[in-house]
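Geometric and topological summary
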Amino acid sequence: MEYPLPYRPTPAPLRLLEVLEPSGGGSGRHFIDLCRGMHLRGHHVEAVYSPVRAEESFVRELKAVGLPAVHAVDMKRAPGPSDIPVFLALRRIMVNHGPFDVVHGHSSKAGALTRLRLPGRHVPRIYTPHAFRTLDPTLGRGGRLIYGAIEWGLAWFYTDHLICVSDDELSHARSLHMPDERMSVIVNGVAPPSPDMAATIRASFGIAPDAFVFGFIGRLTTQKAPERLIAAFRHIAGSVKNSHLVMIGAGEMEGPLRQAIAESGLQNRMHLTSAFTGPQAAPVFDVLVMPSRYEAMSYVMLEGAAAGKPIIATDIGGARTVIGDGHNGFIVQNTDDISQLAKAMAAAAEPETFDKLTAAAGMLKQRFTLDVMLDRTEMLYWKLAESRRISAMA
């Protein structure tokens, strides 16, 4: 359930602490947009990020926002003994730089470490998972039970509000028996990407202006399944003439992916780089392809939609919110069998189909705006901060 658009409140600015572990990708995009948006609205915003998995472009952009303070804390994705000093470091920030009106943890690790606390009166804690770990289809039954139990316990006993970024993610949270009255959906929003860099990026790869470009944006991880896309492009490269694949991202799979490209014989038509951001790259593509194994509501999908691009995606969280299958893109089966993905890519490149998909995509460019996301998040912040003030006076 989404909060209705609010009136703009006028009390004193809020003091907000935003915390993120995977510093990059879609969650990083959301984090920077939220920090910048709240900062520009006059709130005191401090940010905590982890340099362990941080993308250089993320760090540069976050520091350029001009927040009163940006803190680097070495959070690691996997649970372990290093979580104890991280927990203590976050507590020191809350004490030494507070008091804060709201603490907002993004991603499972930051969400857990910011929410854990002693019982009693506390600063409201908000959690945005950006895809529950339990959505991962490669996670075994034991792992799903363990992570599900952890999320359930944190949701019931330590969370003042949980923000889901799609109806699919909310349904998943309900399947884990989380408290419905403390959850809501606030869909991510984006500013329309500028096409200014499109010609430059194409030229940097030696791609002709009339070439057909399939694009990928995302972390190079098993979640995003970039190897599926490389395999699918190899499958259709012979039949879809004058086509290229441009992949924007970095991550632990970069080495194997570069090797797969080198062994493909298509090195001049497959291009992998982390030199550009998603908003810069989206206008370059003719079709955005998302072969992910799981998502909640991908920022990349929204950036592609805001750029007016047809999208091909596996049947992941948020896909049916953004994509009308056969209307402005295609939704394909979420499997390592790439035949359906390859078939959809070939179909999208056919001139008549491409023109139809592009026309429909152009009509949907304004559906997911950044201001709507900021309005709804700000309203939630005010609601929780006010509830705490009333409780403190009682």
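Small disclaimer: the values here were computed from a predicted structure and weren't measured. (Residues numbered from 1 in each chain as written. Predicted model: local features only at pLDDT ≥ 70, side-chain atom pairs only at ≥ 80, totals over all residues. Heavy atoms only, no water.)

Here we come to the packing of helix 8 (residues 226–236) against helix 9 (residues 254–264). Running from amino to carboxyl end, helix 8 crosses helix 9 at an angle of 5 degrees, the nearest separation of the two axes being 10 Å. The angle between helix 8 and helix 9 falls in the class roughly parallel. Of the residues in helix 9, those in contact with Pro-226, Glu-227, Ile-230 and Arg-234 of helix 8 are Leu-257, Ala-260, Ile-261, Glu-263 and Ser-264. Of the residues assigned to the contact of helix 8 with helix 9, the class counts are 5 nonpolar, 1 polar and 3 charged. (Axes fitted to C-alpha atoms, helices over the stretch in contact; angles between N-to-C directions. Helix = DSSP H or I, 4+ residues; strand = E, 2+ residues; numbered from the N terminus. Parallel < 35°, antiparallel > 145°, perpendicular 65-115°, else oblique. Contact = heavy atoms within 4.5 Å. Nonpolar A, V, L, I, M, F, W, Y, C, P; charged D, E, K, R; others polar.)

Once that is clear, we can look at a nonpolar patch on the surface. On the surface, Trp-152, Trp-156 and Phe-157 cluster together into a nonpolar patch covering about 330 Å² of accessible area. By the secondary structure assignment, Trp-156 is in helix 5 (residues 141–158). (Patch = residues over 30% accessible without salt bridge, like charges linked within 9 Å, V, L, I, M, F, W, Y side chains within 5 Å. Areas by Shrake-Rupley, 256 points an atom, 1.4 Å probe, with all protein chains shown as cover. Salt bridge = Lys/Arg side-chain N within 4 Å of Asp/Glu carboxyl O.)

What follows concerns the sheet that holds strand 7 (residues 183–185). With parallel pairing, 7 strands are arranged side by side in an open sheet as 3-2-1-4-5-6-7. Because the sheet does not close on itself, it has two edges, and the strands there are strand 3 (69–72) and strand 7. Neighbour-to-neighbour, the strand axes of this sheet turn through a mean angle of 20 degrees, independent of strand direction. Where strand 1 (residues 15–20) meets strand 2 (residues 44–49), 5 bridges bridge the pair, whose relative direction is parallel. Counterpart to Arg-15 in the pairing with strand 2 is His-44. Packing against the sheet, helix 1 (residues 25–40) makes contact with strand 1, strand 2 and strand 4 (102–106), and its axis sits at approximately 170 degrees to strand 1. Each of strand 1, strand 4 and strand 5 (125–128) is contacted by helix 4 (residues 108–115), which is oriented at about 150 degrees to strand 4, the strand it contacts most. (Pairing = 2+ DSSP bridges.)

Looking now at the packing of helix 8 against helix 13 (residues 339–348). Following both chains from N to C, one finds helix 8 and helix 13 inclined at 55 degrees, their axes separated by 9 Å at the closest point. Between helix 8 and helix 13, the crossing angle belongs to the class labelled oblique. Between helix 8 and helix 13 lies a crossing of right-handed hand. For the pair formed by helix 8 and helix 13, the contact residues are Arg-228, Leu-229, Ala-232, Phe-233, His-235 and Ile-236 on the first element and Leu-341, Ala-342, Met-345 and Ala-346 on the second. Taken together, the residues of the contact of helix 8 with helix 13 break down into 8 nonpolar, 1 polar and 1 charged. (Left-handed = near helix turned anticlockwise from the far one by under 90°.)

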